[in-house]
Amino acid sequence: HISMGAGHDKTLTNHDIIAAINPEYLHTKMQYEITNPRIGVINAMYATEAGSGGILLEYASVIPFGEGKIVHSSTHGKLEKETNKRIVDYLKVNFQKYGLTKEMLTTNNFSFTTSSYDPSDGNSAGIADTVALISALTKRPIRSDYAVTGAIDMLGNALAVGGYKRKITGCTKEGIKKFILPECARPVIEALKNDFEGLEINFVSHVDEALNLLLV
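What counts and how
Residues numbered from 1 in each chain as written. Predicted model: local features only at pLDDT ≥ 70, side-chain atom pairs only at ≥ 80, totals over all residues. Heavy atoms only, no water. Core = buried A, V, L, I, M, F, W, Y, C linked by side-chain atoms within 4.5 Å. Buried < 20%, exposed > 50% of the residue type's maximum accessible area, 1.4 Å probe, protein only. Helix = DSSP H or I, 4+ residues; strand = E, 2+ residues; numbered from the N terminus. Contact = heavy atoms within 4.5 Å. Arc of directions from axis to C-beta. Axes fitted to C-alpha atoms, helices over the stretch in contact; angles between N-to-C directions. Parallel < 35°, antiparallel > 145°, perpendicular 65-115°, else oblique. Left-handed = near helix turned anticlockwise from the far one by under 90°. Nonpolar A, V, L, I, M, F, W, Y, C, P; charged D, E, K, R; others polar. Salt bridge = Lys/Arg side-chain N within 4 Å of Asp/Glu carboxyl O. Pairing = 2+ DSSP bridges.

(A) Looking closely at the nonpolar core. If you look at the biggest cluster of nonpolar residues, it comprises 33 residues, and the most contacted ones within it are I42, L91, Y98, I127, V131, L133 and L214. The leading source of residues in this core is helix α5 (residues 126–138), at seven residues. Ignoring sequence-local partners within four residues, the contact set of V131 consists of I42, I142, V207, A210, L211, L214 and L215. Of all hydrophobic cores here, the second largest spans 18 residues; its members include V41, A147, V161 and F196.

This is how it looks when you write it as structure tokens:
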């Protein structure tokens, strides 16, 4: 906690501190990530209660010599952990559909991390993390010109989240002009269509539709 004078107290996050010490680092890192398709790395989206939003990179990794378990970072909250478990369980049930094998999902462990340096929680990266893990398992890169948000259920259906305007507005500042959102967000986005002129917004009902758009 830093005091900046009367009426100006602010709690700094790790992200704030890194940005202050080396302001070019985060920008350069982000620009590299969103312009180079990579295996297991996807442009997810975030929104804060303070009114900001933008890209949150999600990473999925396959760790050999495991038992089909999930390895979480210390920044993951309860809801994120539950979402990641749902993703792995979904793939275990539907492994053949995605060209996976039982061995892939029972002899490896799986890690989900983000580009954030601060604790977070939520389910809005459900679609993104599913795509990232399938990418990591199949070694297919993910297109970097899209950003995606949306939760999923145990059947892979896309579920609504929130903060769409803040998320999209923040991502456009990083150069992203293509987006993938849950179908149930369509009424919200259509009501704001004047704010999103010139952008490509794709609505998906199931994670498979996101996979078709994102996997190279």
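(B) Representation of the environment of K102 within the structure. By the element assignment, K102 lies in helix α4 (residues 102–106). In this structure K102 comes out as exposed when scored by relative accessible area, which is 54%.

(C) Up close: the side chain of T83. Topologically, T83 is positioned in helix α3 (residues 78–93). Look past the residues within four positions of T83 in its chain and what remains in contact with it is G122, N123 and G126.

(D) How the structure looks around helix α6 (residues 164–172). Along α6, the positions that sit buried rather than exposed are Y164, K167, I168, G170 and C171. Projection of α6 onto a plane perpendicular to its axis shows the buried side chains occupying an angular sector of 165 degrees, all on one side. Packed against the buried residues of α6 are β1 (41–47), β2 (53–64), β5 (146–148), β8 (178–182), α7 (186–191) and β9 (200–204).

(E) Highlighting the environment of C171. Along the polypeptide, C171 turns up in helix α6. Taking relative accessible area as the criterion, C171 reaches 0% and is therefore assigned buried. Measuring from C-alpha to C-alpha, the distance between C171 and M45 comes to 7.5 Å, with 126 residues separating the pair along the chain.

(F) View of the packing of α3 against α5. Two elements in contact, α3 and α5, have axes whose closest approach is 10 Å; the angle formed by their N-to-C orientations is 50 degrees. Taken as axis vectors, α3 and α5 run oblique relative to one another. Of the two elements, α3 crosses α5, and the hand of that crossing is right-handed. Here T83, N84, I87, V88 and L91 of α3 lie close against α5, whose contacting residues are G126, D129, T130, L133, I134 and L137. In terms of residue class, the contact of α3 with α5 is made up of six nonpolar, four polar and one charged.

(G) Up close: the pattern of salt bridges. Per the stated rule, a full pass over the model turns up seven salt bridges. Where D208 meets K97, a salt bridge forms, and the shortest distance between an N and an O atom there is 2.6 Å. Highlighted residues: D208 in helix α8 (residues 207–214) and K97 in the loop between α3 and α4, separated in sequence by 111 residues. As a salt-bridge pair, D145 and K178 come within 3.3 Å of each other at their nearest N and O atoms. Highlighted residues: D145 in the loop between α5 and β5 and K178 in strand β8, separated in sequence by 33 residues. Look at D145 and you get partly exposed, because its relative accessible area is 27%.

(H) Broad picture of the pairing of β2. For β1 and β2, the ladder comprises seven bridges, and the chain directions are antiparallel. Its bridge partner being in β2, Y46 is matched across the sheet by G54. Between β1 and the antiparallel strand that follows it, β2, lie five residues; G51 among them carries a positive phi value of about 105 degrees. Relative to strand β4 (residues 108–114), β2 runs antiparallel, the two sharing seven bridges. Paired with I63 across the strands is N109, a residue of β4.

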